[in-house]
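# Architecture and fold: a report
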Amino acid sequence: RVRDAVVEMGKKKGLNIRSYEPSMRTIIDGNHPDTNWSIGSKHAKNGGYTIEVHFDSYGDHGYGSGLIPAISPKLNTIDESLATNFGRYPLFFRGGLGAPRRGIRILEIAKLEGKLESNLRDQSLRKQTLDSIASKVINAILLGLN
């Protein structure tokens with residue numbers, strides 16, 4: 001739902017943005033042509049900006065919000081803007097994750113617990129919460145473009 005809200009708001013603000021719904025959620029073979037890694041890597045190789053939206057681990061695991069950049073010698077202004085707005089992880093976080101090794105950034109929104117989780121689960125607050133997250137992501141992207 002967060003991904004869809006980001007795409008919807010991005011389109012409304014004039015971005016050429018789209019999403020991909022993988023046929024499988026668990027990646028057993030990172031090179032399988034239907035995984036988000038394969039599709040995202042292909043998009044990145046063709047010059048597209050590819051990002052996965054995640055929520056950091058529960059409880060004591062994880063590090064919080066931030067951008068895990070694609071492993072590349074050149075960061076760009078969108079990366080810098082997202083990192084400024086959400087926080088930044090090191091280039092080779094955890095030795096280099098599968099998505100960043102394929103040119104895909106990972107945006108950790110926040111830990112999915114507490115008030116954020118309850119607001120996303122509450123039907124009366126869900127749309128407002130999704131719009132707030134999407135707005136923060138899209139505004140950071142637009143700032144990076146401009």
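Just above, that's the structure.
Quick summary incoming for the structure in this document. (Residues numbered from 1 in each chain as written. Predicted model: local features only at pLDDT ≥ 70, side-chain atom pairs only at ≥ 80, totals over all residues. Heavy atoms only, no water.)

### Description of helix α6 (residues 123-145)
For α6, with 23 residues, the first-to-last C-alpha span of 34 Å sits near the 33 Å given by 1.5 Å per residue. The complete set of buried residues in α6 reads Arg126, Thr129, Leu130, Ile133, Ala134, Val137, Ile138, Ala140, Ile141, Leu142 and Gly144. For α6, the secondary structure elements touched by its buried residues are α1 (2-12), α3 (77-86), β3 (105-111) and α5 (114-121). (Helix = DSSP H or I, 4+ residues; strand = E, 2+ residues; numbered from the N terminus. Expected span 1.5 Å × (residues − 1). Buried < 20%, exposed > 50% of the residue type's maximum accessible area, 1.4 Å probe, protein only. Contact = heavy atoms within 4.5 Å.)

### Considerations on the packing of α3 against α6
Between α3 and α6, the shortest axis-to-axis distance is 7 Å and the interhelical angle comes to 140°. Accordingly, the angle class assigned to the pair α3 and α6 is oblique. In this structure, α3 crosses over α6, and the sense of that crossing is right-handed. Packed against α3, whose contacting residues are Thr77, Ile78, Ser81, Leu82, Asn85 and Phe86, the element α6 presents Lys136, Val137, Ala140, Ile141, Leu143, Gly144 and Leu145 at the interface. Of the residues assigned to the contact of α3 with α6, the class counts are eight nonpolar, four polar and one charged. (Axes fitted to C-alpha atoms, helices over the stretch in contact; angles between N-to-C directions. Parallel < 35°, antiparallel > 145°, perpendicular 65-115°, else oblique. Left-handed = near helix turned anticlockwise from the far one by under 90°. Nonpolar A, V, L, I, M, F, W, Y, C, P; charged D, E, K, R; others polar.)

### Digging into the packing of α5 against α6
Relative to each other, α5 and α6 sit at 120°, their axes nearing to 6 Å. Residue-level contacts link Leu116, Asn119, Leu120 and Arg121 of α5 to Gln123, Leu125, Arg126, Thr129, Leu130 and Ile133 of α6. The residue makeup of the contact of α5 with α6, split by class, is five nonpolar, three polar and two charged.

### Description of the pairing of β3
Each regular strand shows side chains that alternate between the opposite faces of the sheet. The buried fraction of β3 amounts to five of the seven residues, a majority that puts the element mostly inside the structure. In this structure, strand β1 (residues 51-56) lies alongside β3, joined through five bridges in parallel fashion. Following the sheet pairing, Glu52 is matched in β3 by Ile106. With three bridges joining them, strand β2 (residues 66-68) and β3 adopt antiparallel strand pairing. Note on β3: the bridge partner recorded for Gly66 is Glu108. (Pairing = 2+ DSSP bridges.)

### Remarks on the side chain of Asp79
Here Asp79 shows up in helix α3. Asp79 sits in the buried class, given a relative accessible area of 2%. Among the polar contacts listed, one links the side chain of Asp79 to the side chain of Arg105, at a separation of 2.5 Å. Setting aside chain neighbours within four positions, we find Asp79 in contact with Tyr49, Leu67 and Arg105. (Polar contact = N/O pair within 3.5 Å; in protein donor to acceptor, adjacent residues only side chain to side chain.)

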